[in-house]
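The chain contents come next:
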Amino acid sequence: MPELPEVETVRNTLKKRILNKKINNVNILYTKMIDNDPTEFKNILIDNRFTDILRVGKWLIFELDKHYLLSHLRMEGKYFIKNTQEEVQKHEHVIITFNDETDLRYHDTRKFGRMKIVKKDELWHTPEIKKQGKEPIDETLNASYLLGKFKNKKLPIKSILLDQEIISGLGNIYANEVLYASGINPKRSASSLTDGECVKIVESSKKIILKAIEEGGTTIKSYTSSLGVTGNYQNFLQVHKREGMPCNKCHNKIIKIKIGGRSTYYCEICQK
């Protein structure tokens, strides 16, 4: 699943290529992906323009004159920019055609992605955005905030870090990396963490996410160079996808387990 660095990379790439182009047509090939009435969705977009693209957590927010188009890539969503004349490919579900005869095409093999248009004054009240927690790079994310959120949480800290209402934009890859960098066992209950350990999570989250953004994200199966951008952060991963390989700190083998149904990689020695 694309996480904050990958979504940020998509945002920055799209901003360079689609802003201020007049939208001539919208073709919805899979209506269940749209949370509005399809006709209303089309009518708002046609003859309009994207003037900016924002991001909250893993949500892309395309700015229009009086509305925002929210887009979540979920597991395997991707955006392509193609010439209008190019044949529509399987799994291209929403096609936005601009006046320069280029398309913004949303491709999603698993059809889990979501789009929703909201009025501008409703953005921060819409459930999808309102419930988002603090981002890893938010200056207000601190140990006190995490201690308050972790209190009485008996679930493993790995599962809690994936809760978007606590830390927004942190997904499976970076949760594994943050816990390794912080020296915290992913099986520990969140409520057992100390103030010092929460400080480490804050510091590690910010450092890792900023570096991942700088490197264009992590290119693995669920995130590829659909816009001509290939992430490089996979070259910096310390535990994720390194099962059976030596820990870079103690040389013990990295192990893989499942926590909450998610693949979890860690070092038994460095993350006791």
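**Topic: the nonpolar core**
For step 1, the next point in the chain: Of all hydrophobic cores here, the largest spans 29 residues; its most connected members are L146, F150, I157, L161, Y174 and I201.
For step 2, the next point in the chain: Mapped onto this core, the elements with two or more residues apiece are α4 (143–150), α5 (157–161), α6 (172–182) and α7 (195–214).
For step 3, the next point in the chain: If sequence neighbours within four positions are ignored, L146 has contacts with L141, I166, I167, C198, I201 and V202.
For step 4, the next point in the chain: Membership of the second largest hydrophobic core comes to 28 residues, among which are I18, I28, M115 and I117.

**What to know about the environment of L193**
For step 1, the next point in the chain: Here L193 shows up in the loop between α6 and α7.
For step 2, the next point in the chain: Accessibility expressed as a relative area gives 7% for L193, which makes it buried.
For step 3, the next point in the chain: Each C-alpha atom, one on L193 and one on F150, is 7.9 Å from the other, the two residues being 43 residues apart in sequence.

**Examining the sheet that holds strand β4 (residues 67–72)**
For step 1, the next point in the chain: Reading across from one edge, β2-β3-β4-β8 is the order of the 4 strands in this open sheet, with antiparallel pairing throughout. The open sheet has two free edges, formed respectively by β2 (52–56) and β8 (114–119), since each of these has just one partner strand. Averaged over all pairs of adjacent strands, the angle between their axes in this sheet comes to 25°, without regard to strand direction.
For step 2, the next point in the chain: The pairing of β4 with β8 spans 6 bridges and is classified as antiparallel. From the neighbouring strand, Y68 faces β8, where its bridge partner is V118.
For step 3, the next point in the chain: Contacts between helix α1 (residues 4–18) and the sheet are confined to β2 and β3 (59–63), with β2 contributing the most and set at about 175° to the helix.
For step 4, the next point in the chain: Its contacts with the sheet place helix α2 (residues 38–45) against β4 and β8, and it is angled at close to 65° to β8.

**Things to note about the layout of surface pockets**
For step 1, the next point in the chain: There is about 200 Å³ of room inside the second largest pocket.
For step 2, the next point in the chain: E177, Y180, A181, S204, K207, I208, K211, Y233, F236 and Q238 together form the lining of the second largest pocket.
For step 3, the next point in the chain: Elements represented by at least two residues in the lining of the second largest pocket include exactly α6 and α7.
For step 4, the next point in the chain: Sort the elements by how many residues they give to the lining of the second largest pocket and α7 lands first, with 4 residues.
For step 5, the next point in the chain: Per-class residue counts for the lining of the second largest pocket are 5 nonpolar, 2 polar and 3 charged.

**Overview of the sheet that holds strand β6 (residues 92–98)**
For step 1, the next point in the chain: In spatial order, the strands read β1-β6-β7-β5; together these 4 strands make up an open sheet with antiparallel pairing. Edge positions in the open sheet fall to β1 (23–28) and β5 (78–83), since each of these has one partner strand only. Pairwise comparison of adjacent strand axes, ignoring direction, gives a mean angle of 20° for this sheet.
For step 2, the next point in the chain: Bridge count for β5 against strand β7 (residues 102–107) is 6 bridges, and the pairing is antiparallel. Bridge pairing links F80 to R105 in β7.
For step 3, the next point in the chain: Against the sheet, α1 touches β5, β6 and β7, its axis set at about 20° to β5.
For step 4, the next point in the chain: Against the sheet, α2 touches β1 and β6, its axis set at about 160° to β1.

**Describing the packing of α6 against α7**
For step 1, the next point in the chain: Following both chains from N to C, one finds α6 and α7 inclined at 130°, their axes separated by 9 Å at the closest point. Our classification of the angle between α6 and α7 gives oblique. α6 and α7 meet at a crossing whose hand is right-handed. Of the residues in α7, those touching α6 at Y174, E177, V178, A181 and S182 are K200, I201, S204, S205, I208, I209 and A212.
For step 2, the next point in the chain: Residue classes in the contact of α6 with α7 are distributed as 7 nonpolar, 3 polar and 2 charged.

About the cut-offs
- Residues numbered from 1 in each chain as written.
- Predicted model: local features only at pLDDT ≥ 70, side-chain atom pairs only at ≥ 80, totals over all residues.
- Heavy atoms only, no water.
- Core = buried A, V, L, I, M, F, W, Y, C linked by side-chain atoms within 4.5 Å.
- Buried < 20%, exposed > 50% of the residue type's maximum accessible area, 1.4 Å probe, protein only.
- Helix = DSSP H or I, 4+ residues; strand = E, 2+ residues; numbered from the N terminus.
- Contact = heavy atoms within 4.5 Å.
- Pairing = 2+ DSSP bridges.
- Axes fitted to C-alpha atoms, helices over the stretch in contact; angles between N-to-C directions.
- 1 Å grid on protein atoms, 1.4 Å probe; cavity = no way out; pocket = protein on both sides within 12 Å on 5 of 7 lines; lining within 4 Å.
- Points joined across faces, edges and corners; volume = space filled by probe spheres on them.
- Nonpolar A, V, L, I, M, F, W, Y, C, P; charged D, E, K, R; others polar.
- Parallel < 35°, antiparallel > 145°, perpendicular 65-115°, else oblique.
- Left-handed = near helix turned anticlockwise from the far one by under 90°.

It is worth stressing that arrangement in space is one thing and function is another; only the former is reported here.
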